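# Observations on the model geometry
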Amino acid sequence: MPNRIWERVSSQIEESIRKYEYAPGDKLPTEAEFSRQFMVNRHTLRRALSHLQEIGLVESTQGRGSYVRRPAIRYTIGKRTRFSDQLTNHSIKAYTKTRQVLVKGATRDVAKALDIPIGNKVIVVSRIGYAGDLPISMATHHFDFHRFPTFQKIYPEHKSITQTLIHCGVLDFTRKWTQVRSRLPGPDECEHLNIPKHVPLIVTKSLNVDPLGKPLEYGDAVFASDRMELDIASTDDAKRYDD
């Protein structure tokens, strides 16, 4: 039996969630509304919500409020995998927000993957992926600048990597390899994915190639492990990788 006030509040909200009075994805009442309902101050209410977030029942985002967390989304990585299609299959609205598009020198890993000299110019596209209003991934995509010198100008018009590549003459591409590991998030990832610092990230590094097998795009991405389950497919019946 909970003894502290915040524990009693947390227990009552948890019971309502378990009884599906609040369904997965539902927005919870505001702090002010909960405070009036339970007749507690906001500090106590925030401690209760923080506990529910720690045990994986609630997702709280500054400025948007608190939501009942949805079950983890199964995301298949195959020969052709598309971010938006994957989530649409779960009846979830999927979209990306571009953080930046810039040109910089290729690091050792990027140069090796794209088969270009270290320091050569590459186009870097950084984006955040969303499932509904929930941020679930951060990805960085690298392209050989000398192969796609107009990419940086074209991308803002389409806001899609696939459509930009089509504009540049690449009509199809496939996944050659994917590496998966895990690590704890850094401050930037905690902020943009709205996750506690103790929740591990699923980290992927991958290479896409054009129809001739030439390296096209080297990508690295992180996924919130409490929101995503990765399924590595061995067949080519999935769809294209992109947003």
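In the block above lies the structure referred to throughout.
Worth saying up front: this structure is predicted, and the values here are computed from it rather than measured.

## Some details on the overall build of the protein
- When helices and strands are tallied, the protein shows 8 helices and 10 strands.
- In terms of overall dimensions, the protein has a C-alpha envelope of 65 × 35 × 30 Å along the principal axes.
- For the protein, with 243 residues in total, the buried portion stands at 47%.
- Expressed as a percentage of contacts within the protein between residues at least 6 apart in sequence, the contacts between residues at least 24 apart total 61%.
- Of the roughly 13000 Å² of accessible surface on the protein, 49% is carried by carbon and sulfur atoms.
- For the protein, the separation between the mean place of its 37 positive charges and that of its 29 negative charges on side chains is 3 Å.

## Concerning helix α3 (residues 42-54)
- Along its 13 residues, α3 runs 18 Å from first to last C-alpha, staying within 8% of the 18 Å computed at 1.5 Å per residue.
- Where α3 is buried, its residues contact α1 (5-18), α2 (31-38), β1 (58-61) and β2 (65-68).
- Directly beyond the C-terminal end of α3, a positive phi value near 85 degrees is found at glycine 56.

## Topic: the sheet that holds strand β8 (residues 201-209)
- Read across the open sheet, the 6 strands follow the order β4-β5-β6-β9-β8-β7; overall the sheet is antiparallel. Of all strands in the sheet, those bounded by a partner on one side alone are β4 (94-105) and β7 (174-183). Along the sheet, successive strands turn relative to each other by an average axial angle of 15 degrees, direction set aside.

## Observations regarding the pattern of salt bridges
- In this structure the tally under the stated criterion is 9 salt bridges.
- For glutamate 59, the salt bridge identified is with arginine 69, shortest N-O distance 2.2 Å. Of this pair, glutamate 59 sits in strand β1 while arginine 69 sits in the loop between β2 and β3 (73-77); the two residues are 10 residues apart in sequence, bridging distant segments of the chain. In this structure, glutamate 59 and arginine 69 share a single accessibility class: buried.

## Notes on the packing of α1 against α3
- Axis separation between α1 and α3 bottoms out at 8 Å; the angle between their running directions is 55 degrees. Judged on the interaxial angle alone, α3 and α1 are oblique. Crossing angle aside, the handedness with which α1 passes α3 is right-handed. Of the residues in α3, those in contact with Ile5, Trp6, Val9, Ser10, Ile13 and Glu14 of α1 are Thr44, Leu45, Arg47, Ala48, Leu49, His51 and Leu52.
- Here the residues of the contact of α1 with α3 sort into 8 nonpolar, 3 polar and 2 charged.

## A few points about the nonpolar core
- Counting 15 residues, the largest nonpolar core has Val9, Ile13, Ile17, Leu28, Phe34, Leu45 and Leu49 as the members making the most contacts within it.
- Secondary-structure elements contributing two or more residues to this core are α1, α2 and α3.
- Element by element, the count of residues in this core is highest for α3, at 4 residues.
- Setting aside chain neighbours within four positions, we find isoleucine 17 in contact with Tyr22, Leu57, Val58 and Val68.

## A few points about the packing of α2 against α3
- Interhelical geometry of α2 versus α3 gives an angle of 105 degrees and a closest axis separation of 9 Å. Looking at the two axes, α2 sits roughly perpendicular to α3. Across the interface between the two elements, Glu31, Ala32, Phe34 and Ser35 of α2 pack against Arg42, Leu45, Arg46 and Leu49 of α3.
- By residue class, the composition of the contact of α2 with α3 is 4 nonpolar, 1 polar and 3 charged.

## What about the packing of aromatic side chains?
- Counted by the stated rule, this structure contains 6 aromatic pairs.
- Between tyrosine 95 and tyrosine 130 the ring centres are 5.0 Å apart and the planes differ by 5 degrees, which places this aromatic pair in the stacked class. Highlighted residues: tyrosine 95 in strand β4 and tyrosine 130 in strand β5 (residues 121-131), separated in sequence by 35 residues.
- Given the relative accessible area of 25%, tyrosine 95 is considered partly exposed.
- Every member of this aromatic cluster is reached through a ring pair, and the members are Phe143, Phe148, Phe151 and Tyr155.
- Across the ring face of tryptophan 6, the terminal group of arginine 47 is positioned such that the distance to the ring centre comes to 4.0 Å.
- For the cation-ring pair, lysine 121 lies above phenylalanine 145, with the distance from its terminal atom to the ring centre recorded as 5.2 Å.

Analysis parameters
- For every chain, the first residue of the written sequence is number 1, and numbering continues from 1 onward in sequence order.
- Under the rules for a predicted model, residues below a pLDDT of 70 receive no local features and side-chain atom pairs below 80 are neither given nor counted, while totals for whole chains, interfaces and linings still include all residues.
- Only hydrogens and water are removed before side-chain values are computed, so all heavy atoms of the structure are retained for them.
- Going along the chain from the N terminus, every DSSP run of H or I of four or more residues is numbered as a helix, and every run of E of two or more is numbered as a strand.
- Three labels apply to residues, based on accessible area from a 1.4 Å probe with only protein chains included: buried if under 20% of the type maximum, exposed if over 50%, partly exposed otherwise in between.
- Between two residues, a contact is recorded if the distance between any of their heavy atoms is within 4.5 Å.
- The Shrake-Rupley method, run with a 1.4 Å probe, gives the accessible areas here. Residue values count only the displayed protein chains as cover.
- Charge assignment: positive for Lys and Arg, negative for Asp and Glu; neither His nor the chain ends contribute.
- Taken as the charge centre is NZ of Lys, CZ of Arg, CG of Asp or CD of Glu, depending on the residue.
- Take the number of residues in a helix, subtract one, and multiply by 1.5 Å to get its expected span.
- Pairs of strands are assigned from DSSP output, requiring at least two bridges between the strands.
- Convention adopted: a line fitted to C-alpha atoms gives each axis, helices being fitted over their contacting stretch, and angles between N-to-C directions are expressed from 0 to 180 degrees.
- One side-chain nitrogen of Lys or Arg within 4 Å of one carboxyl oxygen of Asp or Glu is enough to make a salt bridge.
- Should an angle lie under 35 degrees it is considered roughly parallel, over 145 roughly antiparallel, and from 65 to 115 roughly perpendicular; all remaining angles are considered oblique.
- With the far helix as reference, a near helix turned anticlockwise by less than a right angle produces a left-handed crossing, and one turned clockwise produces a right-handed crossing.
- When residue character is reported, Ala, Val, Leu, Ile, Met, Phe, Trp, Tyr, Cys and Pro are called nonpolar, Asp, Glu, Lys and Arg charged, and the others, Gly included, polar.
- Definition of nonpolar core: a set of buried residues of the types Ala, Val, Leu, Ile, Met, Phe, Trp, Tyr and Cys, connected through side-chain atoms within 4.5 Å.
- Any pair of Phe, Tyr and Trp rings, taking the six-membered ring for Trp, is counted once the centres come within 6.5 Å. Such a pair is stacked with planes under 30 degrees apart, edge-to-face with planes over 60 apart, and tilted for the rest.
- Whether a charge lies above a ring is judged from NZ of Lys or CZ of Arg, which has to be within 6 Å of the ring centre and within 35 degrees of the ring normal.

Honestly, it's all geometry; don't read function into it.
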